[in-house]
Amino acid sequence: MSGNEAQKTSAPAVTQATLVKKARGKLAYKPADVSPQRRLQRRYTMRLWSVRHARFLEWVYARFADLFLMLHPFWNAIGYARAERPVKFVERHVKGLMFDCRMCGQCVLSSTGMSCPMNCPKQLRNGPCGGVRANGHCEVEPDMPCVWVKAWEGAQTMRANDAILAVQKPVDQSLRETSAWLRVTALAAHERKNTSGTAA
Amino acid sequence: MTTRPPQIDENPAGVDLPLEPLPGHSSRGRLERVLRRGEFAVTAELNPPDSANAQDVYERAAVFDGWVDGINAVDASGANCHMSSLGICALLTRMGYATIMQIACRDRNRIAIQGDVLGAAAMGVGNIMCLTGDGVQAGDQPGAKPVFDLDCMSLLETVRTMRDEEKFLSGRKLSTAPAVFLGAAINPFAPPYDFRPLRLAKKIAAGAQFVQSQYCYDVPMLTEYMKRVRDLGLIENCFILVGVGPLASAKTARWIRSNVPGVHIPDSVVKRLEGAENQKQEGKRLCIDIINEVKEIDGISGIHVMAYRQEEYVAEIVHESGVLKGRRPWMREAGADDALVAERLDHILHDNASEKPVDMVKNANSE
Ligand code: SF4
């Protein structure tokens, strides 16, 4: 043990991480982006636009949710399960374009300043990690503005600017790749029926 | 078993046993008692060994003996692989140390984490610290799969539910809940600065009872943060420990600044180190100066010393800064049986005495 110790103190501090980093340069192909998830993402221009217009989008979404709820009899008639496919298709493309949506199926955009938290490499849903760079960029991907710095900016402009303070439940992975719009609508319809049921 | 008078915060029946539960305390550990008594607490970070030798852990813990109230067992910090925090805690709790087990969400999913929490609590780990963890790209195995199934906030809430409502995340009942004191990390030195105090509020709402901060080298910034924390009324519900540590040289400072995400080192600090003759000494002095400034801030309940690869200085730093005010934290002492063996070791090894009962009877008869 003591010999071991002596060696450790005399040798210059070469950590395993340094060795790995050195070796990485020798690899034939070094991908430019850091996390694989990043390679799936679009450029974030649209995402930044959405965050800047968070208040407007909040208003739009409120109208939109009402409309969907109004259509509840229609969804019911064709069956939520059957509506899932086409609605999901539209949702994926609309939200994909605006927020670079990852289809987690349990949308929290209204509580995150219209900045999709699933684009955070750590998929944090409750606020920024401790590694945000001084310039507001992400620890993992130095060229990307931290999702949560943007979320905070977006939330400031929104009407419900304290929604970002709610503690979010962990992601239910079994709901991935499903339509959040339909789920929210079905839940709201259910709630409406319950409250009107108790009122009557 | 212990013949010596028991130390403060020690179970007289054995150092490795949990303490008497006290009303209002959620754990049966030493750290919570120290904090709730209103004493200025000191915790330190153990540099986890890259070995399967228990002795390595004990040696690294021994340098903190009598100087700290809790030892952080890090969970692959910086995404570098080391002995696991659970393993370190298993070894240290046996010896009676108060451990703070860190759990990072990077490596395990909710199933594994909840199981580990139960195991740790059963071993006598009194404090659990919930972290998100650094990204895998930062460490020695960037090809690993990042898990991040929970985040620090939902992890806090999960463990709190297990403790207070005695059930798993799924709602399944536990027959004995883990009695743990819950911790989290804060970083007042990273953007978005306005959000940081609110994020602490969020962590407290999720279950954090104490927090340890990232390295503090910018006291004015911390003061500003603490002002907002006090205004939010958070110091009543949470103990705040400030992270401090000596910088080995100006070069290290610069390296850390550009390579370790989330550590903020102002230029003045680097300048001060550069100007010094003995940079290592100056780094230590700087650390003590920061501690002296920090301990005066209203709402700070302790310090967390992270002296990476300079652990042997922790005792000096704590002593010279005088934060303990003459108090001596729990210190490992040999048990009565070990003391007895140590006392007689010379005799046993060198006097060649036969101590077999048969021989002893024979000797007695022949006399
Ligand atoms: S810096 Fe921001 S985007 Fe990057 S991992 Fe941390 S919270 Fe996520």
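Data block above holds the structure.
Definitions and limits used
- Residues numbered from 1 in each chain as written.
- Chains lettered and ligands numbered in written order.
- Predicted model: local features only at pLDDT ≥ 70, side-chain atom pairs only at ≥ 80, totals over all residues.
- Heavy atoms only, no water.
- Near = heavy atom within 4 Å.
- Nonpolar A, V, L, I, M, F, W, Y, C, P; charged D, E, K, R; others polar.
- Helix = DSSP H or I, 4+ residues; strand = E, 2+ residues; numbered from the N terminus.
- Contact = heavy atoms within 4.5 Å.
- Buried area = accessible area lost by both parts, 1.4 Å probe.
- Salt bridge = Lys/Arg side-chain N within 4 Å of Asp/Glu carboxyl O.
- Polar contact = N/O pair within 3.5 Å; in protein donor to acceptor, adjacent residues only side chain to side chain.
- Pairing = 2+ DSSP bridges.
- Axes fitted to C-alpha atoms, helices over the stretch in contact; angles between N-to-C directions.
- Buried < 20%, exposed > 50% of the residue type's maximum accessible area, 1.4 Å probe, protein only.
- Expected span 1.5 Å × (residues − 1).
- Core = buried A, V, L, I, M, F, W, Y, C linked by side-chain atoms within 4.5 Å.
- Parallel < 35°, antiparallel > 145°, perpendicular 65-115°, else oblique.
- Left-handed = near helix turned anticlockwise from the far one by under 90°.
- Arc of directions from axis to C-beta.

### Side note on the site of the ligand
(1) Moving on: Residues in close proximity to the ligand include A:C120, A:P121, A:K122, A:L124, A:P128, A:C129, A:V132, A:C138, A:E139, A:C146, A:V147 and A:W148, which together make up its full environment.
(2) Moving on: Taken together, the residues that form the shell around the ligand break down as 10 nonpolar, no polar and two charged.

### Notes on unusual backbone geometry
Residues apart from glycine generally show negative phi values, whereas peptide bonds are mostly found in trans.
(1) Moving on: Note that the residue after B:P191, namely B:P192, is joined by a cis bond; omega there is -10 degrees.
(2) Moving on: Its identity is not glycine, yet A:E177 carries a phi of approximately 60 degrees, on the positive side.
(3) Moving on: Considering the arrangement of structural elements, one finds A:E177 in the loop between α8 (147-157) and α9 (180-199).
(4) Moving on: The phi torsion at B:D9 lies on the positive side, around 55 degrees, for a residue other than glycine.

### Let's talk about the interface of chain A and chain B
(1) Moving on: Contacts between chain A and chain B engage 38 residues on the former and 36 residues on the latter.
(2) Moving on: Surface buried jointly by chain A and chain B totals about 3,000 Å² across both partners, of which 58% is contributed by carbon and sulfur atoms.
(3) Moving on: Linking chain A to chain B there are one salt bridge.
(4) Moving on: Of the charged contacts in the structure, one is a salt bridge between A:K169 and B:E157, with a shortest N-O distance of 3.4 Å.
(5) Moving on: One can count 12 residue pairs in polar contact (both at pLDDT 80 or more) joining chain A with chain B.
(6) Moving on: Looking at the side of chain A that touches chain B, the elements that each hand over two or more residues are α2 (16-26) and α8 of chain A.
(7) Moving on: Broken down by element, the side of chain A that touches chain B gets its largest block of residues, five residues, from α2(A).
(8) Moving on: Split into classes, the residues belonging to the side of chain A that touches chain B amount to 21 nonpolar, nine polar and eight charged.

### Thoughts on the sheet that holds strand β3 (residues 99-104) of chain B
Residues and elements named next belong to chain B.
(1) Moving on: With parallel pairing, eight strands are arranged side by side around a closed barrel as β1-β2-β3-β4-β5-β6-β7-β8. Direction aside, the axes of adjacent strands within the sheet are offset by 30 degrees on average.
(2) Moving on: Relative to strand β5 (residues 181-186), strand β4 (residues 127-131) runs parallel, the two being bridged by four bridges. Among the inter-strand pairings, N127 is bridged to a residue of β5, identified as F181.

### Description of the pattern of salt bridges
All names here are of chain B.
(1) Moving on: Across all of its chains, the model carries 27 salt bridges over all chains by this definition.
(2) Moving on: Ionic pairing is found between R33 and D9, a salt bridge with its closest N-O pair at 3.6 Å. Taken as a pair, R33 in helix α1 (residues 30-36) and D9 in the segment before α1 lie far apart in primary sequence, 24 residues in all. For the pair R33 and D9, one class covers both residues: buried.
(3) Moving on: Residue R110 is joined to D149 by a salt bridge in which the shortest nitrogen-to-oxygen separation is 2.9 Å. Linking R110 in helix α4 (residues 110-123) with D149 in the loop between β4 and α5 (152-164), this pair joins segments that are 39 residues apart in sequence.
(4) Moving on: Residue classification places D149 among the buried positions, given a relative accessible area of 12%.
(5) Moving on: Here the residues in one salt-bridge network are R272, E282, K284, R285, D289, E316 and E320, joined through shared partners.

### A word on the environment of A:A13
Residue and element names in this part refer to chain A.
(1) Moving on: Position of A13 among the secondary structure elements: in the loop between α1 (2-10) and α2.
(2) Moving on: Looking at A13, the relative accessible area reads 59%, which means it is exposed.
(3) Moving on: In sequence terms A13 and A23 are 10 residues apart; their C-alpha atoms lie 17 Å from each other.

### A short note on helix α10 (residues 279-294) of chain B
Residue and element names in this part refer to chain B.
(1) Moving on: With 16 residues, α10 extends 22 Å between its outermost C-alpha atoms, agreeing within 8% with the 22 Å of an ideal straight helix rising 1.5 Å per residue.
(2) Moving on: Taken residue by residue, α10 has E282, G283, K284, L286, C287, I288, I290, I291 and V294 as its buried positions.
(3) Moving on: Tucked into the core, α10 has its buried residues touching α7 (219-231), β7 (239-244), α9 (267-275), β8 (300-305) and α11 (314-321).
(4) Moving on: Where α10 begins, the capping side chain belongs to N278, and its oxygen is found 3.2 Å from the backbone nitrogen of K280.

### Focus on the nonpolar core
(1) Moving on: Core analysis: the biggest nonpolar cluster contains 87 residues, and B:I128, B:L200, B:Y217, B:L222, B:L247, B:I265 and B:I300 have the highest contact counts within it.
(2) Moving on: Among all residues touching B:L200, those that are not within four sequence positions of it are B:I186, B:V211, B:Y225, B:V229, B:L234 and B:I240.
(3) Moving on: Residues A:C120, A:W148, B:A190 and B:L198 belong to the second largest nonpolar core, which totals 18 residues.

### Here we look at the packing of α9(B) against α10(B)
All names here are of chain B.
(1) Moving on: For the pair α9 and α10, the least separation of the axes is 8 Å and the interaxial angle reads 140 degrees. Between α9 and α10, the crossing angle belongs to the class labelled oblique. Considering the relative orientation of α9 and α10, their crossing is right-handed. Residue-level contacts link V269, R272, L273 and E274 of α9 to Q279, E282, G283, R285, L286 and D289 of α10.
(2) Moving on: The residue inventory of the contact of α9 with α10, partitioned by class, reads three nonpolar, two polar and five charged.

### Things to note about α11(B)
Residue and element names in this part refer to chain B.
(1) Moving on: The set of residues buried in α11 consists of V314, A315, I317, V318 and S321. The buried side chains of α11 occupy one side of the element, clustering within an arc of 165 degrees when seen end-on.
(2) Moving on: For α11, the secondary structure elements touched by its buried residues are β1 (41-46), α10 and β8.
(3) Moving on: Once α11 finishes, G322 follows within two positions and takes phi at roughly 65 degrees, a positive value.

Geometry only, nothing functional implied.
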